[in-house]
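Listed here are the chains, written in short residue letters.
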Amino acid sequence: MRNLIDILDLSVEELDSLIAVAMDIIAHPEAYREKCRYKKLATLFFEPSTRTRLSFEAAMMELGGNVIGFSSANSSSAAKGESVADTAHMISCYADIIAMRHPKEGAPLVASRNASIPVINAGDGGHFHPTQTLADLLTIFRQKGSFRNLTIGLCGDLKYGRTVHSLIAAMSRYQGTRFIAISPEELRLPEYVRQELAEKGIPCLETTSLEEAMPHLDVLYMTRIQRERFDSLEVYERLKDSYILTPEKLVPAKESLCILHPLPRVNEISVRVDSDPRACYFQQALNGKYMRMALILMLLEQKDREMPQGEEIVAPELQCDNPRCITSTEQELTHVFRPVGNGTFRCIYCEREKTR
Ligand code: NCD
């Protein structure tokens with residue numbers, strides 16, 4: 001079954017083709033109005049969302065299809081204790097494609113392994129958010145014309161910001177990409193992300209200073225401090241206003257800078273920045289709809305294509321102990337790991353590492 005769980009499920013060529021289709025949709029929307037006639041998208045949102053859910057729904061409607069679903073865990077059978085696996089089985093009887101958001105990391109992967117229709121990860125905990133990356137990529141492409149030789153500043157909550165993790169994975173495949181990771185010490189990129197960058201030899205400079213990074217950036221990706229993922233509200237209160245982008249801070253920036261934010265913003269970008277021609281975050285939200293249209297078309301077309309699966313290991317001593325992982329709540333879910341070398345294994349759901 002063809003799914004989109006991790007942005008790396010799409011090859012660079014497939015990303016190019018999604019961008020080409022999205023550009024064609026922008027130019028000729030009328031040609032796409034009947035493409036998904038009689039098809040149904042199920043939006044299973046166990047966590048709040050405005051843009052992602054509504055842009056998925058608008059995308060399916062603009063393709064002539066229909067939408068069913070729910071927008072909070074309370075209004076689904078999850079409130080009665082139904083497992084993600086059962087929900088996925090069951091929704092396969094009612095819809096043609098699923099978009100799922102869940103607070104637990106790996107939940108959409110569990111769904112994809114139990115559904116008989118394509119599953120799209122619409123955000124899983126602090127892990128991944130591949131369709132936001134599709135919106136980010138189309139915006140960068142429309143602004144810059146290419147993905148090569150870009151210095152990308154990632155600012156804010158790099159630990160829990162799932163959009164950042166997927167954007168890094170996607171941009172790491174293009175020549176000349178450099179990252180500047182700007183965050184408070186407590187909200188640095190997760191170890192597995194830093195490790196992967198180091199292994200691939202992709203430059204990633206870590207700093208706490210937005211001011212220092214500013215003159216070097218081609219893209220500035222601002223993010224919200226992810227309040228809902230903090231164990232301590234006190235730590236959140238201390239960190240919440242770490243970075244606030246203002247017109248004054250943009251003075252040393254390049255004329256060609258592209259300012260992105262997945263939204264919602266809380267305080268990270270002053271509304272005074274909105275009229276700056278470099279502010280691209282509202283266009284980014286619109287681009288998300290076009291890319292989701294292109295994605296739905298692609299997954300429905302390729303739905304029977306099997307995806308390659310890497311080596312996986314199940315062993316009694318390998319149990320994931322990450323409280324944010326879907327294995328922590330789904331009682332009967334088997335813990336599965338993949339080897340990453342040196343006797344180290346990574347949970348396939350949340351990336352938590354274990355050594356044997
Ligand atoms: C992001 C998310 O849900 O991760 N929002 C979105 O999908 N546009 C970013 C966020 O919530 O901060």
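What comes next is a walk through the structure.

Criteria and thresholds
Residues numbered from 1 in each chain as written. Predicted model: local features only at pLDDT ≥ 70, side-chain atom pairs only at ≥ 80, totals over all residues. Heavy atoms only, no water. Helix = DSSP H or I, 4+ residues; strand = E, 2+ residues; numbered from the N terminus. Rg over C-alpha atoms; globule rule 2.2 N^0.38 Å. Buried < 20%, exposed > 50% of the residue type's maximum accessible area, 1.4 Å probe, protein only. Contact = heavy atoms within 4.5 Å. Salt bridge = Lys/Arg side-chain N within 4 Å of Asp/Glu carboxyl O. Near = heavy atom within 4 Å. Polar contact = N/O pair within 3.5 Å; in protein donor to acceptor, adjacent residues only side chain to side chain. Areas by Shrake-Rupley, 256 points an atom, 1.4 Å probe, with all protein chains shown as cover. Nonpolar A, V, L, I, M, F, W, Y, C, P; charged D, E, K, R; others polar. Axes fitted to C-alpha atoms, helices over the stretch in contact; angles between N-to-C directions. Parallel < 35°, antiparallel > 145°, perpendicular 65-115°, else oblique. Left-handed = near helix turned anticlockwise from the far one by under 90°. Pairing = 2+ DSSP bridges.

Brief notes about the overall build of the chain
(1) Moving on: If you tally the helices and strands in the chain, you get 10 helices and 12 strands.
(2) Moving on: Computed over the C-alpha atoms, the radius of gyration of the chain is 20 Å, within 12% of the 21 Å expected from 2.2 N^0.38 for a compact globule of 356 residues.
(3) Moving on: Summarising its shape, the C-alpha atoms of the chain cover approximately 55 × 55 × 35 Å along the three principal directions.
(4) Moving on: Taking all 356 residues of the chain together, the buried fraction comes to 54%.
(5) Moving on: In the chain, the proportion of contacts linking residues at least 24 apart, taken out of those at least 6 apart, comes to 72%.

Quick word on the pattern of salt bridges
(1) Moving on: All chains considered together, the criterion is met by 26 salt bridges.
(2) Moving on: One salt bridge in this structure joins arginine 113 and glutamate 312, with 2.6 Å as the shortest N-O distance. Of this pair, arginine 113 sits in the loop between helix 4 (107-112) and strand 4 (119-124) while glutamate 312 sits in the loop between helix 10 (281-301) and strand 10 (337-341); the two residues are 199 residues apart in sequence, bridging distant segments of the chain.
(3) Moving on: Among the charged side chains, a network of salt bridges with common partners joins Arg2, Glu14 and Arg305.

Here's the deal with the site of the ligand
(1) Moving on: By nearness alone, every residue bordering the ligand is listed as Arg51, Thr52, Arg101, His129, Gln132, Arg162, Thr163, Arg224, Gln226, Pro262, Leu263 and Pro264.
(2) Moving on: A distance of 2.8 Å separates an oxygen atom of the ligand from a polar atom in the side chain of threonine 52.
(3) Moving on: Within the side chain of histidine 129, one N or O atom sits 2.7 Å away from an oxygen atom of the ligand.
(4) Moving on: Here the ligand loses 94% of its free accessible area of 310 Å² to cover by the protein chains.
(5) Moving on: Taken together, the elements giving at least two residues each to the shell around the ligand come down to helix 2 (51-62) and helix 6 (162-171).
(6) Moving on: Looking at the shell around the ligand residue by residue, the classes come out as 3 nonpolar, 5 polar and 4 charged.

Comments concerning the packing of helix 5 (residues 130-144) against helix 10
(1) Moving on: Interhelical geometry of helix 5 versus helix 10 gives an angle of 115° and a closest axis separation of 8 Å. Taken together, the axes of helix 5 and helix 10 are roughly perpendicular relative to one another. Between helix 5 and helix 10 lies a crossing whose hand is right-handed. Across the interface between the two elements, Thr131, Gln132, Leu134, Ala135, Asp136, Leu138, Thr139, Arg142 and Gln143 from helix 5 touch Gln283, Gln284, Asn287, Gly288, Tyr290, Met291, Arg292 and Leu295 from helix 10.
(2) Moving on: Classifying every residue of the contact of helix 5 with helix 10 by side-chain character gives 6 nonpolar, 8 polar and 3 charged.

Considering the side chain of aspartate 124
(1) Moving on: The residue aspartate 124 is located in strand 4 in this model.
(2) Moving on: Side-chain polar atoms of aspartate 124 contact the side chain of histidine 127, separated by 2.8 Å.
(3) Moving on: Ignoring anything within four residues of it in the chain, the contact list for aspartate 124 reads His102, Lys104, Glu105, Gly106, Pro108, Arg162 and Tyr349.

Some points on the sheet that holds strand 2 (residues 66-70)
Sheet strands line up and pair through hydrogen bonds in the backbone, either parallel or antiparallel.
(1) Moving on: Pairing is parallel across the open sheet formed by 4 strands, whose spatial order is 2-1-3-4. Every interior strand has two partners, whereas the edge strands, strand 2 and strand 4, have only one. Averaged over all adjacent pairs, the angle separating strand axes in this sheet is 15°, with direction ignored.
(2) Moving on: Judged from the 5 bridges that link them, strand 1 (residues 40-45) and strand 2 form a sheet pairing that is parallel. Counterpart to alanine 42 in the pairing with strand 2 is isoleucine 68.
(3) Moving on: Contacts between helix 3 (residues 84-91) and the sheet are confined to strand 1 and strand 3 (97-102), with strand 3 contributing the most and set at about 155° to the helix.

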